[in-house]
Amino acid sequence: MNAPVPAGDNQWIRAMPWVFVLIWSTGFIVARYGMPHSPPMSFLAVRYTLSILCFLPWIWLAGVRWPTSRQQFLHLSITGILMHAGYLGGVWAAVKAGMGSGLSSLIVGLQPVLTAIWLSSMGGAGQQPSRRQWIGLVLGFAGLVLVVSRKFTDGGPGDTATWTNLSFAVMALFSITIGTLYQKRYVQPCDVRTANAVQLSAALLVTLPLALMEAESMRWNAELAGAMAWSVLGLTLGGSSLLYMLIQRGAAASVTSLMYLVPPCTALIAWVLFAEPITVTTVAGTALTAFGVSLVVRPPR
C-alpha cells in the first residue's frame, strides 16, 4: 500500500501549472527589457552559462545523483537543444528581427494544436486527445487570437513579419513541440536539477558558436542586468524546471495547452508594468482561452 502524499505536497502539485504560466508569461517582458541592449544568441549564451553555474553547486550541496546511463544523457541533450537552443533561440531571433510579440505569441501558440495532431496520428494509448479536449484546443486558440489581435494593428514601427523572422518563429514552434513530445517519450524520470544542467550544457554548445558570430556587442546597463537576472533565476531555474516536471507528470496535450494561457497573462503583466491597455476583446479572449484550457486539462470522469 502506497503512503499518502502530504497535504502540502498535494497543494504544490495543484499549483504547479499556474505558477508555471505566471513565470513563463514574463518571457516577452524580459525580451522587451533586454533585447534592445543585446544580440539574441549572446544573451542566451550568457543566460545558459549563469544558469549552469547556479545548478552545479545546488546539485553538489543537495547530493543529487546524475543520470547513470549514456542513453539518458543523450536524450536529455537532445531535449535541451530543442527546448532551449531551438525554442528560445528562435523566439528571441524573431523578436530581434522585427516580429512583434502578438504574432510571435500566435505562432508559438500553435504548439498545443500540433501536439494534439501528432498524438492523434500516432494513436498512443492514454495520450490521444478526446473530443472534449479537441473542442478545448480550438476554443483556446480562438481566445488566443482575440488576445493578441490588437498587436497586429497596434504593434508600432518595426513590428513587421518577414520571411526571416517568420522562419525563426516557426523554428521555435517546431522545436518546443518536438522537444516536449521527445521528452515525454524518451526521457526517464530523474532529478530536475541534473536534468536541467545537462539540457542547458547541450544548448550552450549549440548557441555559443552562433553568439561568437554576432557583430553586435552586449551593452550592459540596469535593464539588461535585470532581464538577465530574471531570465536565470525565474525563467530557467523556475520556469524550465516546472515545465520539465509537468511534462513528466502529465499528458502532453494537457501540459502544452497551458501555453494558451501565456499571452493573456503576459497582457496582464504588460498592463501592470507598461500601462498597455486591456480592451474588451482582450478580456473576452482571456475568458475563452481559460475555458478552452479547462476543457483540455479537466480529468475524464
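Each remark here, short or long, concerns the structure printed above.
Quick caveat: nothing in here was measured; it's all calculated off a predicted structure.

Describe the overall build of the protein, with residues and values.
Secondary structure summary: the protein contains 13 helices and zero strands in total. Secondary structure elements of the protein occur, N-terminal to C-terminal, as α-α-α-α-α-α-α-α-α-α-α-α-α. Counting only contacts in the protein whose residues sit at least 6 apart along the sequence, the fraction spanning at least 24 positions is 91%. For the protein, the exposed surface amounts to about 14,500 Å²; the carbon and sulfur share of it is 69%.

Outline a nonpolar patch on the surface, listing residues and values.
Residues Tyr 33, Leu 268, Trp 271, Val 272, Leu 273, Ile 278 and Val 283 make up a contiguous nonpolar surface patch of about 640 Å² in total accessible area. It is helix H12 (residues 262-274) that provides the largest number of residues to the nonpolar patch, a total of four residues. Here Tyr 33 shows up in helix H2 (residues 27-34).

Let's hear about the nonpolar core: which residues, and what values?
If you look at the biggest cluster of nonpolar residues, it comprises 62 residues, and the most contacted ones within it are Phe 20, Phe 43, Tyr 87, Trp 92 and Leu 243. With 10 residues, helix H10 (residues 222-249) is the single largest residue contributor to this core. When sequence neighbours within four positions are dropped, the list of residues in contact with Tyr 87 reads Trp 24, Leu 82, Val 108, Ala 172, Ser 175 and Ile 176.

Can you explain H12? Please cite residues and give values.
The end-to-end C-alpha distance of H12 is 17 Å, a good match for the 18 Å that 13 residues give at a rise of 1.5 Å each. By the burial criterion, the buried members of H12 are Val 262, Pro 263, Pro 264, Cys 265, Thr 266, Ile 269 and Ala 270.

Can you explain the environment of Thr 177? Please cite residues and give values.
Counting through the fold element by element, Thr 177 comes out in helix H8 (residues 163-186). Sequence separation between Thr 177 and Val 113 is 64 residues, and the spatial gap between their C-alpha atoms is 9.6 Å. Here Thr 177 is in contact with Gln 111, Leu 114 and Thr 115, once residues within four sequence places are set aside.

What counts and what doesn't
- Residues numbered from 1 in each chain as written.
- Predicted model: local features only at pLDDT ≥ 70, side-chain atom pairs only at ≥ 80, totals over all residues.
- Heavy atoms only, no water.
- Helix = DSSP H or I, 4+ residues; strand = E, 2+ residues; numbered from the N terminus.
- Contact = heavy atoms within 4.5 Å.
- Areas by Shrake-Rupley, 256 points an atom, 1.4 Å probe, with all protein chains shown as cover.
- Patch = residues over 30% accessible without salt bridge, like charges linked within 9 Å, V, L, I, M, F, W, Y side chains within 5 Å.
- Salt bridge = Lys/Arg side-chain N within 4 Å of Asp/Glu carboxyl O.
- Core = buried A, V, L, I, M, F, W, Y, C linked by side-chain atoms within 4.5 Å.
- Buried < 20%, exposed > 50% of the residue type's maximum accessible area, 1.4 Å probe, protein only.
- Expected span 1.5 Å × (residues − 1).

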